[in-house]
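Results of the structural survey
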Amino acid sequence: SESGCLSIVVLGASGDLAKKKTFPALFHLFQQGFLQAGEVHIFGYARSNLSDDGLRERIRGYLKGASDEHLSQFLQLIKYVSGSYDSGEGFELLNNTISEYETSKNNESGSYRRLFYLALPPSVYPSVCKMIRSYCMNPSSHTGWTRVIVEKPFGKDLDSSEKLSAELGKLFEEDQLYRIDHYLGKELVQNLLVLRFANRLFLPLWNRDNIANVQIVFKEDFGTEGRGGYFDQYGIIRDIIQNHLLQVFCLVAMEKPVSLKPEHIRDEKVKVLQSVEPIKHEEVVIGQYDGYKDDPTVPDESNTPTYASVVLRVHNERWEGVPFILKAGKALNSRKAEIRVQFKDAPGDIFRCKKQGRNEFVIRLQPSEAMYMKLTVKNPGLEMATEQSELDLSYGMRYQDVKIPEAYERLILDTIRGDQQHFVRRDELRAAWEIFTPLLHDIDAGKLKSVSYEPGTRGPQEADEMSRRMGYVQTHGYIWVPPT
Ligand code: BG6
């Protein structure tokens with residue numbers, strides 16, 4: 001691994017994302033020895049007037065339960081610089097602070113690495129990136145690198161996203177830009193490639209001959225709480241489906257990459273995205289939970305969906321005719337994210353238990369990571385009866401002593417290591433927006449209306465009906481007894 005000075009700059013240091021995700025992830029990396037006290041320094045940058053200690057205390061509040069000794073050592077690595085997001089002055093000061101730290105280190109043999117994490121509202125990305133480019137790059141007299149992590153939303157539709165990409169593209173090379181989608185850092189999302197391509201069992205089954213439908217589902221049991229203003233501008237399709245669920249879709253549906261090189265993997269993702277057919281209105285259900293508009297920052301006439309179910313169809317040899325149902329909703333009855341691959345009925349069924357159930361392979365991303373396969377088995381006992389049961393790999397049981405890393409932890413470490421495999425490439429982003437932009441424009445223009453649903457439920461009934469229409473068969477655990 002590389003040695004030398006590593007400066008991590010968190011822009012938007014006093015914001016929610018930084019406090020809840022970025023700093024805790026950095027702390028966990030520190031705790032596990034991936035960030036070494038002698039080598040790394042962390043700089044928080046934001047507009048608020050704060051002292052170093054002021055920022056440290058805020059961060060401490062989000063790291064309850066951490067051992068005091070580790071935590072104090074970690075907090076000592078953090079400095080705060082205050083400034084606006086469009087003033088040269090602030091960024092000059094930031095650069096001086098970084099350089100001061102760099103020159104205070106005896107770093108003759110090592111390199112200088114500068115990582116900028118943009119935990120900021122998207123409206124300031126272009127100006128902040130310009131400032132980084134003008135004032136804060138790793139000087140060319142140094143060896144090492146400058147890398148920038150950007151968070152979604154990457155625009156609101158194809159045009160705005162392309163505009164943002166073009167602006168950032170003028171400032172940084174593609175290998176300096178790390179577009180983060182934290183779903184790609186989740187353990188069971190990372191497992192998908194292994195599962196699909198390292199198991200003989202799945203290779204011949206993973207296609208239209210055997211698979212009836214695929215559902216990729218995200219549920220949250222809370223509403224937009226306090227984020228109504230932001231959320232109403234975007235809606236659930238931009239917030240969850242166009243990025244997180246679509247990334248999962250890519251890994252489920254793409255062809256086998258030539259190798260594990262990041263470019264080879266991302267090439268395949270782009271190809272499968274480009275094979276998605278235009279979305280049909282009759283294969284979309286959007287909903288909004290009752291009470292969403294009580295948020296004073298949400299306009300009374302808002303049609304913004306807090307729930308959506310969208311069918312994607314892949315026009316290629318592997319998937320023709322197989323619906324991929326991507327569903328996401330806020331304020332539902334539980335918090336869960338899972339992939340459900342439902343297989344077709346077994347032909348020539350001598351048990352005549354057709355109604356009873358199909359094989360279904362479920363990959364639960366969260367909570368309680370698990371993979372299980374629904375199978376029909378003989379109900380133990382004297383009758384030749386059948387029932388649905390499960391071949392179950394629950395991570396909590398199988399990997400009891402393993403702490404599964406947080407998505408952000410892993411992705412920040414990947415950035416330091418220069419591995420872009422789990423980050424979104426520019427052409428991939430474009431292809432993702434191409435799929436959803438026409439639908440989003442139609443929703444924005446009111447051509448599709450959100451149906452209302454009760455908070456705390458499964459969401460609109462229309463969505464369940466659509467899944468049934470798509471051929472999804474609910475598999476119940478009932479026992480089938482043969483007629484005597
Ligand atoms: C974010 C969305 O990207 O993901 C939030 O903006 C959502 O609306 C969150 O709550 C969900 O992430 P996770 O990891 O809790 O499933």
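Read on for a plain summary of the structure. Everything quoted here is computed from the prediction, not taken from an experiment.

**Remarks on a nonpolar patch on the surface**
There is a patch of nonpolar side chains on the surface, built from I350, F351 and M384 and spanning about 330 Å² of accessible area. Looking at the element boundaries, F351 is found in the loop between β11 (336-343) and β12 (360-366). Assessed through its relative accessible area of 36%, F351 is described here as partly exposed.

**Remarks on the site of the ligand**
The immediate surroundings of the ligand are formed by 13 residues, with K152, Y183, K186, E220 and D239 found nearest. A distance of 2.7 Å is found between an oxygen atom of the ligand and a side-chain nitrogen or oxygen belonging to H244. A total of 400 Å² of accessible area belongs to the ligand in isolation, and the protein chains cover 82% of it. Among the residues making up the shell around the ligand, the classes are represented as 3 nonpolar, 3 polar and 7 charged.

**Here we look at the nonpolar core**
Counting 149 residues, the largest nonpolar core has L118, F249, L312, F324 and F436 as the members making the most contacts within it. A total of 13 residues in this core trace back to one element, the largest contributor, which is helix α8 (residues 228-253). Setting aside residues up to four positions removed in sequence, L312 forms contacts with L246, F249, V276, I279, V322, P323, F324, L326, I435 and F436.

**What to know about the environment of G38**
Within the secondary structure layout, G38 lies in the loop between α1 (16-31) and β2 (40-46). For G38, a relative accessible area of 52% puts it in the exposed group. Considering only alpha carbons, one finds G38 and F202, 164 residues apart in sequence, at a separation of 47 Å.

**Considerations on the packing of α8 against helix α12 (residues 426-444)**
Each packed pair of helices is defined by two parameters, the angle between the axes and the distance between the axes. Where α8 contacts α12, the axes come no closer than 11 Å and their chain directions differ by 145°. Taken as a pair, α8 and α12 cross one another with a handedness that is right-handed. Counting all contacts with α8, which are made through I237, R238, I241, Q242, L246 and Q247, the residues of α12 involved are E428, L429, A432, W433, I435, F436, L439, L440, I443 and D444.

**With respect to the pattern of salt bridges**
Under the definition given, this model contains 29 salt bridges. The partner of E39 in a salt bridge is R113, and the shortest N-O contact between them spans 3.5 Å. Separated by 74 residues along the polypeptide, E39 in the loop between α1 and β2 and R113 in strand β4 (residues 111-118) bring together distant segments of the chain. Taking the relative accessible area as the measure of exposure, E39 reaches 28% and is therefore partly exposed. Residue classification places R113 among the buried positions, given a relative accessible area of 4%. Here R227 makes a salt bridge to D239, at a shortest N to O gap of 3.9 Å. Of this pair, R227 sits in the loop between β7 (211-219) and α8 while D239 is found in helix α8, placing the two residues 12 residues apart along the sequence. You can call R227 partly exposed: its relative accessible area is 38%. Among the residues examined, D239 registers a relative accessible area of 2% and is labelled buried. Taken together, the shared-partner salt bridges connect K152, E220, R227, D239 and K330 into one network.

**Some remarks on the sheet that holds β7**
Strand order in the open sheet formed by 9 strands is β14-β13-β12-β11-β7-β10-β9-β8-β15, with mixed pairing between adjacent strands. Bordering the open sheet on either side are β14 (386-394) and β15 (451-453), each of which pairs with just one other strand. Sheet twist, expressed as the mean angle between neighbouring strand axes with direction ignored, is 20°. Both β11 and β12 contribute to a ladder of 6 bridges, which runs antiparallel. Across the sheet, residue Q342 finds its bridge partner in β12, namely E360. Where helix α7 (residues 187-197) meets the sheet, its contacts fall on β11, β12 and β13 (370-378), and the angle it forms with β12 comes to roughly 145°. Those strands touched by α8 are β7, β8 (284-289), β9 (307-313), β10 (323-329), β11 and β12, and its axis lies near 145° from that of β10.

**Focus: the packing of aromatic side chains**
For the coordinates displayed, the defined rule picks out 17 aromatic pairs. An angle of 65° between the planes, with centres 5.8 Å apart, marks the rings of Y307 and Y453 as edge-to-face. Of this pair, Y307 sits in strand β9 while Y453 sits in strand β15, and the two are 146 residues apart along the sequence. By the burial criterion, Y307 is buried, and Y453 matches it. An aromatic cluster is built from F231, Y289, Y292, Y307 and Y453, whose rings are joined through pairwise contacts. Stacked on the ring of Y183, the Lys or Arg K186 has its end atom at 4.5 Å from the ring centre.

**Considering the state of the cysteines**
All told, the structure shown has 0 disulfides when counted by the stated rule. Cysteine C129 is unpaired, with the sulfur of C136 as its nearest cysteine sulfur at 11 Å.

**Details of the environment of Q461**
With respect to the helices and strands, Q461 occurs in helix α13 (residues 461-469). For the pair Q461 and V285, spaced 176 residues apart in sequence, the C-alpha to C-alpha distance is 9.6 Å.

**A word on the sheet that holds β4**
Read across the open sheet, the 6 strands follow the order β3-β2-β1-β4-β5-β6; overall the sheet is parallel. Among the strands making up the open sheet, the edge pair consists of β3 (78-82) and β6 (177-179). The sheet shows a mean angle of 20° between the axes of neighbouring strands, taken without regard to direction. As paired elements, strand β1 (residues 4-11) and β2 share 6 bridges and run parallel to each other. The partner of L11 across the bridge, within β2, is Y45.

Here is what the cut-offs are and how they apply
Residues numbered from 1 in each chain as written. Predicted model: local features only at pLDDT ≥ 70, side-chain atom pairs only at ≥ 80, totals over all residues. Heavy atoms only, no water. Patch = residues over 30% accessible without salt bridge, like charges linked within 9 Å, V, L, I, M, F, W, Y side chains within 5 Å. Areas by Shrake-Rupley, 256 points an atom, 1.4 Å probe, with all protein chains shown as cover. Salt bridge = Lys/Arg side-chain N within 4 Å of Asp/Glu carboxyl O. Helix = DSSP H or I, 4+ residues; strand = E, 2+ residues; numbered from the N terminus. Buried < 20%, exposed > 50% of the residue type's maximum accessible area, 1.4 Å probe, protein only. Near = heavy atom within 4 Å. Polar contact = N/O pair within 3.5 Å; in protein donor to acceptor, adjacent residues only side chain to side chain. Nonpolar A, V, L, I, M, F, W, Y, C, P; charged D, E, K, R; others polar. Core = buried A, V, L, I, M, F, W, Y, C linked by side-chain atoms within 4.5 Å. Contact = heavy atoms within 4.5 Å. Axes fitted to C-alpha atoms, helices over the stretch in contact; angles between N-to-C directions. Left-handed = near helix turned anticlockwise from the far one by under 90°. Pairing = 2+ DSSP bridges. Phe/Tyr/Trp six-rings, centres within 6.5 Å; stacked < 30°, edge-to-face > 60°. Lys NZ or Arg CZ within 6 Å of the ring centre and 35° of its normal. Disulfide = S-S within 2.5 Å.

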